[in-house]
Each structure stands twice: as structure tokens, then as C-alpha cells.
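Structural overview
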Amino acid sequence: MAKQPAKRGSKLRPRQPSRPATAAIAPASDKALLPLGALMLAASVSSWAQTATPEATMGTVTVKEAAEVQSKDQLQTKKTQIGKGTQDIRDIPQSLTVMTERLMDEAKLDTLKQALHYTSGITFAATENGTDQDIRLRGFSVSTVGDLMIDGMKDPSQYERDTFNYDRIEVLRGSASMLFGRGSTGGVVNQVNKKPLLLDQYELEATYGTDSVLRTTADLNKLLGEDAAFRLNLMHTKGDNHGAKIDKYGIAPTVSVGVGTRNEFSVGLFHLNSDNVPWANLRYLQGTAPTLINPKNFYGTQSDYLRGKATYAMASWIHRFDDGSELTTQLRAGTFDRSQWGTTAGYGTTGGAATTWANLNGSTILTSAGLSPRADTHEGVYAQTNYTTKANWGGMKHELMAGIDASQEKAFFNVALGQPGTNYNKGNTTVGTPDDGRTTALSPSYRYDQNYDSTSVGAYVQDLVQIAPHWKLLGGLRWDRVSSTPERDAYANNVITHETTRLRYNSLWSQRVGVLFQPSDTASYHFSYSTSFNTSADTYRFTTQQTANTDAEKSRNFELGAKLDWLGGNLSTRGAIFRTEKYNERTTDADFAGTAYLLNGKRHAAGVELDVVGRINPQWDIYASYTWIPVATIDKTGSAAANTIGQRVGLTPKHSASVWLGYQANTKLRVAGGVRGVSENRPVSGTTGAASATAYAQGYVALDLMAQYNFTESLYAKLNITNATNRSYGDQLYPGFVTLGEPRNIRVTIGTRF
């Protein structure tokens, strides 16, 4: 159990039991210490609030400490910061799924990819080099267009994301450029880092699993004073993993001072280092994922590698005004390095005959081909200032938000120099001899290929207005400017030509409108409309000048939904009917002058999303997520791909779901289990987003189990069985190959929390 510090002082202590507190502050002249731009923003928005809120006091900041259960102690949460400021989830007129640390710990979801398997509507695409991955939400790209976030700011780099420093994962569905700028057609995934707490608490775990994988983690939180704390999260994982070796470590220290006072500051660092051997990919067998092959079989070589370093620093400052308004400024800067070389196994002969599902066996010959070697570096600097206030204006209650954000992003890409290159022959093996220890005679060397340099700036304002006793109206508007300078070296006939293009969007607008009907504290119904845009620079790669001259793609989202709480607020249910469409998608048809491409493409997805999370009774709790997408269609295309009109969009299975159910048998014993799966899924083929007509992965359901026994209040043991039936299924899909899902894995954990 966590040790509670002695009560002292009168600062806000949000992690302690509730009690009133006041904190003395400096005179009003301390506003002079604020950055000029931030002060102007705060002053301009404050001027809208003609009447101060009744709770405001002059000269002191009066606060109340709220009893807040930690994310690691519950499946349910009712607040989020994904909408910039802290909001009740019921006030967000869009589908939002929140996965807390409790679920990640119980189900042993050690990577972001593992965790997102418990969020319906999400699928995974493999890429040409076989080791990158793209996350798809409602059938639209997430990670390759910069829709992964860290604490609400973009995190576009490709690296192995580990959950050791996550407090929770938030998935906001539907267009959201008004909040985040470019991208966010299908939604965003926000990784929320752990923050220091005002208490002394220490947690240590050691986990040993199948095939000698040892993982150790530490979550150490130290109270430094009345309103200051330090938190350090550590992780190391190493093991053979059936041949796909894992060797990674991470460290994340953060210190916060002035927690809950007028000025709260936090600074932190993050470093993650990976030196792994990636899982090998497999060719489709007669057009389907080869699920007769044991998913634990590794058919790569020990010369394969997936190496990466992610390092960033972050800082934040929260300034609290006398009237309860807040001005929050965040800054993050980092560098991300990644190099990879993977293998795809294909099918030779079986007993001298062509291999089929009928004759596949242990003697079947497998060919091994190296995929495109890559070595990339990404650099990013992100800054954001956000102002929130509550006021009475025009006889109505307003929750106002306004802010500015800016970023500079650079990327450098290297490709293979000579041999080994794409499709390099790595030798043969057989289905019955996985992990045969092969190495290759050569390793990749690299040369410069291309780079990318982009800057963006955005400004936004949003107002949530109480227009009647049970009705609220949300309106938001955002302006963005994006510029980019992609460059590359083109190689032809031993001649190198350096190419540079210039891309600039001076004025891009995004909107967000919602109506909420809240007849009680436990019910909220909404209808919303929101937009998003994608520039030609969204893929963080080189684009031709013709592409750069093309206007931004536009998308929109319509949603009708409800958020209902039950059982005294202990159980939350959320449901929505949605239609997300990209209605002027870029095609390969050129305009009359041939200087830009036409935006004459269109596709859409429509369906239903349901979430259930919380406590059913003192013994049982549940997390469940379900998505049904009956319609995902290519509506219009360019002339070169007219044959795809009417086809289903790739990577949008009709059904996807997950359930995690826990039972507290007594004070000592807890058991839980989960199922997750999707219906038939097809990779994207071609440039329109249409599903492949020649390759697919069969639907599947995987079973995960957990049991935990508490020896004392601070010492426990846990048993996890992932994919208990060892179900073989296609997980990451590419038109030419598939990566099978995680095999059965048995892990035992010993942990202490005190």
C-alpha cells in the first residue's frame, strides 16, 4: 500500500483525500512574468467573459482537493484532457475510448500495439519494409499521418512504443483537426504519460515468460515537499522470444513543483532503446493468411534487426488565475532513430509439388527474402499554449478554450547502398525447422535517400455554452498554416539528381460543432459534425512539385451518440452511430495545366461503436469495446482506378471487439480474462484505399487469462496467459505478405507496491 504523507500546508493535493485548502499567491502583477503572447491570449479571451464565475475570489486561489483514484487502480475514468483542457467525458460530443493503466497491467499489454488490440475499430497495416506498421482507425491511417499523440501533441515517428510510462491511452474517433491540426481523419490515439503524485509510492515488478523473456519495471514516486514530487519509471526487457529476440530498456524521470498552486511546473525526460530481431513475415498461401503454421515459428535470420532510440525532453507550466481560469504551456523536443531489416518467407515446393493448403507440412520448403533496409532519423519540436475559463456571458454559462500551437519536424531517410537490398536471398529453410540460427554473409550499408523539413502553426477557439437547463452547444474553429521543403536524390544511370519541392498552405480552416442533451447527471446525448484536412506532407516523405501544388484533402465526420452511467456512476456505457468520409481525396488525375492533381476521389465508412467500462458490483468489473462497420466504400476515384469504385475499403473488418472481465474472489485472489478479435480483414491494395481482391486474413478470436494472488498488502504474484489457445491469425496485413499475431505466451510476475 502507498504510504500517505502527513497532512501539511494548504496547497492543492489532488491525490489526497478531499479537504478544503487555500494557497497564498503573489499580487496580480505577477502576470508580467507570463510570456507576452500567452498573456495577450489570456487577456483577449478573458475579455469575452463579462461576468466572473460565482466561485471566483479575489486575491487568493481557492481550491478543493479531490479524491482521485489512480489510473492503475480502476478501469473507469470520467475525465480526459484530449480536448486540450480537462473535460468531463460526457461533455465531448465524439466517441472516446480510454484504456487505463489498470487494464494494461492486468492483461500484460507491454506495447502500444498490444494495448490497441483491446480497442475495437483499430487494425494494423504492415509496410513495404516489413517492420514498420501503420495503425488504421475506421479504415483511415493514424500513425503514418501524424495522428499518434503524446500528452496531446503529435508523435509521428516510427519507433517501438512501450507502455511502461503510460498512465492511460485515449482514442478519440472521427475528424478532429480543430483540436490537433492536419490529419485525424479517422481519429487520434493519445498516449498520456505518468505524472508525479503528491505521495510516497513505489512499485517494482519482475516478469518471466515463455522462451526466457525477462521484463523488469519500476515506478518510483517520491514526495519532495508540500507541493513537489519526483517520479521515475524504468523498464528492461530481454529474451529469446522464439528467435525474434527482444532487448530494450527505457527510463522516464519527471519532477513537478507547485502542484495545485498558482504556478505549477513540470520537466521530464524520456529515453527508450531497442535492439530487437523482428518477427518474419509470411506470404499469403493461396490468397489467405497461412494460419496452419504455428504462430510461434520464427522464419527470419539472426542477421535481421530492428533498432531504435527515442529520446525527448518535455516541460509544462500551468498558471492559475484568481477566477479559476488556467493557462497551460507545453513544450516537447526529441530525436528518434530507427534502422531495420526484415525477412519475408515464401513457399517453395512440398515433396516436389507446388505448395497448397492441402499439402503444407513440416518438410515444405520456405524461401527467405530480405525486405527493403531502412535507416531513418526524425526530429521534432512541439509547443502549445492553451487557455481555459468558465464565465457567464449573455445570460448563459460558457466554458471557453483558446490556444496556439506550433511545430517544426524534420526527417532523414536512408536506403540500401548496393547489396543486400530489396529481395536479397537469405537462403531456404523448412516449415518444420523454425529459428534455425541462420545468418547472412552481408549486412546492409546505407546511402542518403531523402529528407523532409516542415513547420506548422495553428490557432483555435472553442466555446461550450449552456443554452438551456439540459442543453449545451459546442462550437470550435481553427486556422492552420503548413509549409514543407522535401528533398531527395534521384539515381538514374549512375547520375545523381538532387530534387527539391516546396509546399505551402497559407490558410486551412477546421470546424467542430456539437449539440448535447443532458437530462440528468448520468445521461448525455450528442450530435456532432467535425472536419479535418490532410496536406501532401502528411506522410512525412518526399512529394513531387505536382503533388505539392495540390490543395489539401478534406474529411468530415457525422456522429449521433450517447454516454450513460449506471449503478451509481460505477458503470459507464457509450454508443455512437457514425459516418466518416474523405470527400475530396487526391487522385492521379491531373488538372488542365498539369501542375497539380485533382481532388476528385471520395470514400467513406459508416457504422456503430459501443463501449462498456466500470464496476458491475463489488466483485465484478468489465471493459468492453465493439465496432461494427457494415459500410466502408470507395465512392469516387480518378480515371486510372475507376474499377475500384464500389469496392470495400481495405483494413476495415465489419466486426471487431474486445472484452476484459475481472472477478475479485476475495481480498487475496483476483481472476480475469479477455477475448479480442476481428472478422475477415483484407489489406489495402493500390492508391485508392480499396481492399485487396486476392489476399485476406481470416477472422479470429484470441483468449487471454490472468490470475493474481496478494500475499500481503504490498506483495503479490500474477499469472498471465496470452493467446491461451495459441490461435494463429493474420495481424499486420500488406498486399504481398502478412505478419502473424502473438503466439501463446505464459508469464509469471512477482511484484510489490508500498
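First, a word on what this report is: a plain description of the structure on this page. Not measured: the values here are computed from a predicted model.

1. Structural notes on unusual backbone geometry
Here Gln419 and Pro420 are connected by a cis peptide whose omega angle stands at 0 degrees. With respect to the helices, strands and loops of the structure, Pro420 is situated in the loop between β26 (396-416) and β27 (424-430). In the Ramachandran plot, Asn723 falls in the positive-phi region, its phi being about 50 degrees despite a non-glycine side chain. Position of Asn723 relative to the elements: it lies in the loop between β41 (715-722) and β42 (730-734). Overall, Asn723 belongs to the buried group, its relative accessible area being 0%. At Asn726, a residue that is not glycine, the phi angle is positive and equals roughly 55 degrees. Note on placement: Asn726 falls in the loop between β41 and β42. We classify Asn726 as buried; its relative accessible area is 18%.

2. Regarding the side chain of Asp110
Summarising the element assignment, Asp110 is placed in the loop between α2 (101-106) and α3 (112-116). Accessibility expressed as a relative area gives 13% for Asp110, which makes it buried. Not counting residues within four places of it along the chain, the set of residues in contact with Asp110 comprises Asp162, Thr163, Arg215 and Arg747.

3. Quick notes on the pattern of salt bridges
Two side chains with opposite charge may pair up if their charged atoms get near one another. As enumerated under the stated definition, the model contains 51 salt bridges in all. Linking Asp219 and Lys72 is a salt bridge whose minimum nitrogen-to-oxygen distance equals 2.9 Å. With Asp219 in strand β14 (residues 213-225) and Lys72 in the loop between β2 (60-64) and β3 (79-80), this residue pair connects regions lying 147 residues apart in the sequence. According to the relative accessible area criterion, Lys72 is buried, its value standing at 7%. A salt bridge links Arg182 to Glu409, with the shortest nitrogen-to-oxygen separation between them at 2.7 Å. Taken together, the residues Arg182 in the loop between α4 (177-180) and β12 (187-193) and Glu409 in strand β26 connect sequence positions 227 residues apart. Take Arg182 and Glu409: they sit in the same class, and that class is buried.

Scoring rules and cut-offs
- Along each chain, numbering runs from 1 in the same order as the chain's sequence is written.
- Totals for whole chains, interfaces and linings use all residues, but because this is a predicted model, local features are given only for residues with pLDDT of at least 70 and pairs of side-chain atoms are given and counted only at 80 or more.
- Values reported for side chains reflect all heavy atoms of the structure, with hydrogen atoms and water molecules removed beforehand.
- Counting from the N terminus, the helices are the DSSP runs of H or I reaching at least four residues and the strands are the DSSP runs of E reaching at least two.
- For each residue, the accessible area found with a 1.4 Å probe, counting protein chains only, is set against the maximum for its type, and the residue is called buried under 20%, exposed over 50%, and partly exposed in between.
- What makes two residues a contact is simply this: any of their non-hydrogen atoms within 4.5 Å.
- We define a salt bridge as a contact between a side-chain nitrogen of Lys or Arg and a carboxyl oxygen of Asp or Glu at a distance within 4 Å.

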